[in-house]
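Chains, contacts and geometry: an overview
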Amino acid sequence: MNAYQEKYNELRKNYSKTNDIDPFFDFRTELEDAGSEDAKPVLVLVYVLLQQYQKAYDLIRTLPAPKDNKEKKTFSSIEENARKYGDSYEKKQLKNSLQDERLKKIPVFRYHPNPFATGAFEELETAERCECCGKPTFIKYRGPVYAIDSIHCICPQCIADGSAAEEFDAEFQDACSVDEIDDPNEEKLNELVYRTPGYSGWQQEYWRAHCNDYCAFLGYVGTQELKELQILDEVLDDDTWTDDQKTDIRESLYNGGWCQGYLFRCLHCGKYLIWYDYD
């Protein structure tokens, strides 16, 4: 494994935790400037991650022919995506100094580490008043709230410290729709239900657990995204799913479509898990 591959693997690990795609743009420039034979195979992986399929295909055609079935399947997948999509779905760099400053002010949510990337929080051009603390906020919650009253604006801090849940007798995740863990004092469950922003599913949202703790919700995925992240086999290695359900995950998930996947990651061992539902 060369230095470029090691750096790519490290960036991928960070990406799985934060969903921050920006470092890959600088790495792409580094690899393109290097132009070495060691850099080119890694650059193909970066192009695919950034959904620059045509660039990935053009570059991979200059490399030695694939030797094993895994490499052949990867080549075939890149070729198919280049034909279907080209670079039309290319991911864009999100660097913005004001946005970065705002992100630093958001509390850390252990079970939902990047609520901007998942759409749970919305950045506002004009401040609105948080209905819990009464303070103006440029960031408001957009996820599900289980409460009697209709709530239009909650700031991140009021979710993190539990005051929103207490004020409105609210939950942000259904306490019964979670994997079972050994949590005698319900400390972990309370953190998840009352102090963690939820996510929006087609049906009742469900939260996965592993290593006797709830997992971090990373975002919305389809089969294609699982393949691109190279974790499809890992999420299928899960006794939760029947053979028919594994076929759905392997073939039918579509991000934003009628069969939607929700990606989680264990906070302790790093294993990826999935939940999915239908519209």
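Relevant structure appears above.
These numbers come from a predicted model, not from an experiment. (Residues numbered from 1 in each chain as written. Predicted model: local features only at pLDDT ≥ 70, side-chain atom pairs only at ≥ 80, totals over all residues. Heavy atoms only, no water.)

On the basis of which strands lie adjacent, the open sheet formed by three strands has the order β5-β6-β7 and antiparallel pairing. This sheet does not close on itself; its edge strands, each paired only once, are β5 (216–221) and β7 (272–278). Across this sheet, the average inter-strand angle for adjacent strands is 25 degrees, counted without regard to direction. In this sheet, β7 lies alongside strand β6 (residues 259–265) in antiparallel orientation, the contact comprising seven bridges. From the neighbouring strand, Gln260 faces β7, where its bridge partner is Asp277. (Pairing = 2+ DSSP bridges. Helix = DSSP H or I, 4+ residues; strand = E, 2+ residues; numbered from the N terminus. Axes fitted to C-alpha atoms, helices over the stretch in contact; angles between N-to-C directions.)

Side chains that differ in sign of charge can pair as their charged atoms come close. Per the counting criterion, the structure on display carries eight salt bridges. Between Glu30 and Lys7 there is a salt bridge, with its nearest N and O atoms 2.6 Å apart. Placement of Glu30 in helix α2 (residues 22–34) and of Lys7 in helix α1 (residues 3–18) is noted, with a sequence separation of 23 residues between them. A cluster of three or more residues bridged by salt bridges with shared partners is formed by Arg110, Glu191 and Asp213. (Salt bridge = Lys/Arg side-chain N within 4 Å of Asp/Glu carboxyl O.)

Now for the packing of aromatic side chains. Under the definition given, this model contains 22 aromatic pairs. Summarising the aromatic geometry, the rings of Tyr199 and Tyr220 are spaced 6.4 Å apart at their centres and angled 70 degrees between planes, so their arrangement reads as edge-to-face. Here Tyr199, found in the loop between α9 (187–195) and β3 (209–210), pairs with Tyr220, found in strand β5; they are 21 residues apart in sequence, far enough to count as distant. By relative accessible area, Tyr199 is classed as buried at 1%. Taken together, the ring pairs in this structure connect Tyr199, Trp207, Phe217, Tyr220, Tyr262 and Phe264 into an aromatic cluster. (Phe/Tyr/Trp six-rings, centres within 6.5 Å; stacked < 30°, edge-to-face > 60°. Buried < 20%, exposed > 50% of the residue type's maximum accessible area, 1.4 Å probe, protein only.)

Let us look at helix α3 (residues 39–49). Burial runs high along α3: eight of the 11 residues are buried. Among the residues of α3, those classed as buried are Ala39, Val42, Leu43, Val44, Val46, Tyr47, Val48 and Leu49. One or two positions beyond α3, positive phi appears at Gln51, with a value near 60 degrees.

With that settled, consider the packing of α3 against helix α4 (residues 53–60). Packing of α3 against α4 leaves a shortest axis separation of 8 Å and a crossing angle of 160 degrees. Here α3 is positioned roughly antiparallel relative to α4, judged by the angle of their axes. In this structure, the crossing between α3 and α4 has a hand that is left-handed. Residues Lys40, Leu43, Val44, Tyr47 and Val48 of α3 form the contact with α4, whose own contacting residues are Tyr53, Lys55, Ala56, Leu59 and Ile60. Per-class residue counts for the contact of α3 with α4 are eight nonpolar, no polar and two charged. (Parallel < 35°, antiparallel > 145°, perpendicular 65-115°, else oblique. Left-handed = near helix turned anticlockwise from the far one by under 90°. Contact = heavy atoms within 4.5 Å. Nonpolar A, V, L, I, M, F, W, Y, C, P; charged D, E, K, R; others polar.)

Remember that the coordinates give geometry; whether it matters functionally is a separate question.
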